[in-house]
Amino acid sequence: MSAAHALANEVYRLAREQRAAEVARRLLAAARLATGPARVIVVGPRSAGKSSLVNALLGREQLLPVDDDVASNVYVRVHAPDPGQSHEGATVHFAADRGGPREISLEELAEWAAESGNPDNDKRVAFVDVRVRHPLLASGLVLLDTPGAGGLVGAHAQAVLTAARDSDAMLVVVEHMAPLSDTVLSLAAGLGPRRALFAFNRTDQPGDTRRSIDDSRTGLARRAPDLSAGPFLPTSALLALDASDEPDPERAAVLHQDSGVGLLAGALRGVIVDVRRAQARQLLTEVAAAIRSLAAPAQAVLRAASSDPLAVLSALRKEIKRLESLRPSAQLARRVSREEIRLQRRLEGRLLDLRQDLDRSTHHHVARRALSSLPQRTEQAYGALWHETVQEAHHAVAAAVSSLSPTIVLPVPEAGLPGAIRHPELVRDSGRTGRISRLAAHLERLLISTIVIYRLPFAIVQTIGDMQQHRERLDRESARQYLGEVYDQAKQNLPHELSQQIAEMTEQGAELLRGERDERLQALRASVHASAAPGQSRSASAQRYLAELRRLHERVTELHATLGPQREPPQ
């Protein structure tokens, strides 16, 4: 247990003794948040060797799939087994409509996270949890390996953003022979404030790594200046894996040093240290706020002892009456109602924009005969829109709560896609349209075989082309009908879902406000009751209690000093 957690436990004990339930609750929540691991998201373009580098870092060549194409919306979370667990393994988590998680062995990972075993992510995998024993992971590191793609758009971008929401830092992996591309620069800048490490991988191949790093620094200085500090690390997963298989210790040490993976591991340990310090600072900030809250009643007793007792008692009763008249639910509802109107209008406009964007992308996917992935891409797009909408709603309600009580922090809700549009069906092979589409496909195969055997004239080739175009038109029509139905469902149901979300968050905020009000009332009533006791006795007890709180606060200040100055996050 860290010193910050030990101090938080002391103050938590005092809060329980004083029956300050809200103070104790906030401390408990802050202590839980301060025990999380350091989460590093691994991003970069396709074929940069992200998964290979993770494998090399952990000394497990066959751990993560290293196919050229990774399943399109799957990210893999790699961490140490939970306390009490000793075995390694993996858990597959599915999209919301595909049931609960499934336990698999590490050897089965490619069947769920690689294109070869899960083409177009037909199995609807959301992400895969991988548990591996390794000292770096055991020290508190979680690696989020994301899928790569040439453009990092669409489903790939959604997978990256999903993983990025919970990350503390990012490891950007690119090939060493070229500087960071505009796409990667945009991705790095768009992931928001966080520490960044850059690995220029595959240095075992020819190329000017130093020039690539210098050009990348220049690009970052222009697009994301706060990330240009790096570090920038030349790495080779191949050399690191060769080192682990090398029987000669001296040769293995040389290979490992040349691979740069040791420097990367050191940089990741630095991330762990920084995250631990940031967590400790945040916990100490909450401890200091708790001490101030706990000190207020005792300070009131001392003020009463040095003032006119009747005047103080009258003021206390007046404040009690004021607090009893407060109606947090009504006050909060009035503040939130104006924001809800704005959010509903914004949701309506964003749904229409999304419908138009999906319509424009339909032609490309029909031409590639990738229409089967349309439901998945559509669900991802609506899921991303819904997540952003709920986050905006949370921000609005949290601001309203804060305006009534700056000390209350509204918990962030889950933002899964509502069930009303979670089960779309794309009908392509039923009815007249399906029969024509299947007939066109069969005739196309038959005619191609005939051409190959008998070398029939060009007119028949033209006929095949016309049939293919006809099939594409049918697919496009089916896709547009599908997108229209999903849009109609979303337009009809999401505003109601948003109202429900806002109502739930508002009620949660009101409950927290009521809890804080009741806690203050309890403290004030205790002060009124204590006023009947001899003033000297009450003052002595309050002074002892405040002395204990001052000691704890001094300890908070000392611990803050030992953590050093706080690094400002990039803006």
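The structure this text deals with has already been given above.
Residues numbered from 1 in each chain as written. Predicted model: local features only at pLDDT ≥ 70, side-chain atom pairs only at ≥ 80, totals over all residues. Heavy atoms only, no water.

**Considering the overall build of the protein**
So, step 1. For the protein, the count of helices and strands is 17 helices and nine strands.
So, step 2. In the protein, which comprises 571 residues, the proportion classed as buried is 45%.
So, step 3. Across the protein, the fraction of contacts at a sequence separation of at least 24, relative to all contacts at a separation of at least 6, is 82%.
So, step 4. Element-wise, carbon and sulfur atoms account for 52% of the exposed surface of the protein, whose accessible area totals about 29,300 Å². (Helix = DSSP H or I, 4+ residues; strand = E, 2+ residues; numbered from the N terminus. Buried < 20%, exposed > 50% of the residue type's maximum accessible area, 1.4 Å probe, protein only. Contact = heavy atoms within 4.5 Å. Areas by Shrake-Rupley, 256 points an atom, 1.4 Å probe, with all protein chains shown as cover.)

**Quick word on the side chain of Thr506**
So, step 1. On the secondary structure map, Thr506 appears in helix α16 (residues 458–530).
So, step 2. A relative accessible area of 10% places Thr506 in the buried class.
So, step 3. Discounting residues that sit within four places of it in the chain, Thr506 has contacts with Leu332, Ala333, Val336 and Val397.

**Side note on a negative patch on the surface**
So, step 1. On the surface, Glu61, Asp204, Asp242 and Asp245 cluster together into a patch of negative charge.
So, step 2. Among the secondary structure elements, Asp204 is positioned in the loop between β8 (195–201) and α8 (209–223).
So, step 3. By relative accessible area, which is 32% here, Asp204 ends up partly exposed. (Patch = residues over 30% accessible without salt bridge, like charges linked within 9 Å, V, L, I, M, F, W, Y side chains within 5 Å. Salt bridge = Lys/Arg side-chain N within 4 Å of Asp/Glu carboxyl O. Lys, Arg positive; Asp, Glu negative; His and termini not counted. Charge placed at Lys NZ, Arg CZ, Asp CG, Glu CD.)

**Digging into the packing of aromatic side chains**
So, step 1. Counted by the stated rule, this structure contains four aromatic pairs.
So, step 2. Judged by centre distance (5.7 Å) and plane angle (80°), the rings of Phe94 and Trp112 are edge-to-face. You can see Phe94 sitting in strand β3 (residues 89–94) and its partner Trp112 sitting in helix α4 (residues 110–113), a full 18 residues away along the chain. The pair formed by Phe94 and Trp112 is uniform in burial state, with each residue classed as buried.
So, step 3. In textbook terms, an aromatic cluster arises when at least three aromatic residues are bridged by ring pairs, as seen for Phe198, Phe200 and Phe232.
So, step 4. In this structure, Lys123 is placed above the aromatic ring of Trp112, and the distance from its NZ or CZ to the ring centre is 4.4 Å. (Phe/Tyr/Trp six-rings, centres within 6.5 Å; stacked < 30°, edge-to-face > 60°. Lys NZ or Arg CZ within 6 Å of the ring centre and 35° of its normal.)

**Details of the packing of helix α1 (residues 3–17) against helix α2 (residues 21–33)**
So, step 1. The contact between α1 and α2 brings their axes to 9 Å, and the two run at 160°. Considering the angle they form, α1 stands roughly antiparallel to α2. In this structure, α1 meets α2 at a crossing whose hand is left-handed. On α2, the residues that touch His5, Ala8, Val11, Tyr12, Ala15 and Arg16 of α1 are Val23, Ala24, Leu27, Leu28 and Ala31.
So, step 2. Class assignment of the residues belonging to the contact of α1 with α2 gives a composition of nine nonpolar, one polar and one charged. (Axes fitted to C-alpha atoms, helices over the stretch in contact; angles between N-to-C directions. Parallel < 35°, antiparallel > 145°, perpendicular 65-115°, else oblique. Left-handed = near helix turned anticlockwise from the far one by under 90°. Nonpolar A, V, L, I, M, F, W, Y, C, P; charged D, E, K, R; others polar.)

**A look at the nonpolar core**
So, step 1. By size, the foremost hydrophobic cluster in this structure holds 48 residues, and its most contacted members are Val78, Val128 and Val130.
So, step 2. Counting residues in each nonpolar core, the second largest holds 32 residues, with Val336, Leu343, Val390 and Ile502 among its members. (Core = buried A, V, L, I, M, F, W, Y, C linked by side-chain atoms within 4.5 Å.)

**Concerning unusual backbone geometry**
So, step 1. Phi at Arg124 is positive, roughly 55°, even though this residue is not glycine.
So, step 2. With relative accessibility at 13%, the residue Arg124 sits in the buried group.

**Focus on the pattern of salt bridges**
So, step 1. Counted under the stated rule, the structure contains 18 salt bridges.
So, step 2. Between Asp168 and Arg39 there is a salt bridge whose closest N-O contact spans 3.4 Å. With a gap of 129 residues between them, Asp168 in the loop between α6 (154–164) and β7 (169–175) and Arg39 in strand β1 (residues 38–43) connect regions that are remote in the sequence.
So, step 3. The partly exposed category is assigned to Asp168, whose relative accessible area is 24%.
So, step 4. As a salt-bridge pair, Arg211 and Asp215 come within 4.0 Å of each other at their nearest N and O atoms. Of this pair, Arg211 and Asp215 both sit in helix α8, four residues apart, which is roughly one turn of that helix.

**So, the pairing of β8**
So, step 1. The element β8 is largely enclosed, with a buried count of six among its seven residues.
So, step 2. Direction of pairing for β8 relative to strand β9 (residues 232–234): parallel, over a ladder of three bridges. Considered in β9, the bridge of Phe200 is made with Pro234. (Pairing = 2+ DSSP bridges.)

**What to know about the environment of Ala333**
So, step 1. Its place among the elements puts Ala333 in helix α13 (residues 328–367).
So, step 2. We classify Ala333 as partly exposed; its relative accessible area is 37%.
So, step 3. Once the C-alpha coordinates of Ala333 and Thr506 are considered, the two residues, 173 residues apart in sequence, prove to be 6.9 Å apart.

**Some details on the sheet that holds strand β2 (residues 75–79)**
So, step 1. One open sheet holds the nine strands; their spatial order is β4-β3-β5-β2-β6-β1-β7-β8-β9, and the pairing between them is mixed. Looking along the sheet, the strands with just one partner apiece sit at the ends: β4 (102–104) and β9. Between one strand axis and the next, the sheet turns through 20° on average, direction left out of account.
So, step 2. Of the pairings in the sheet, the one linking β3 to β4 comprises three bridges and is antiparallel in character. Counted as the bridge partner of Ala90 is Ile104 from β4.
So, step 3. Sitting on the sheet, helix α3 (residues 50–58) is in contact with β1, β2, β6 (141–145), β7 and β8, with an inclination near 155° to β6.
So, step 4. Most of the contacts of α8 go to β9, to which it runs at about 160°, and overall it touches β8 and β9.

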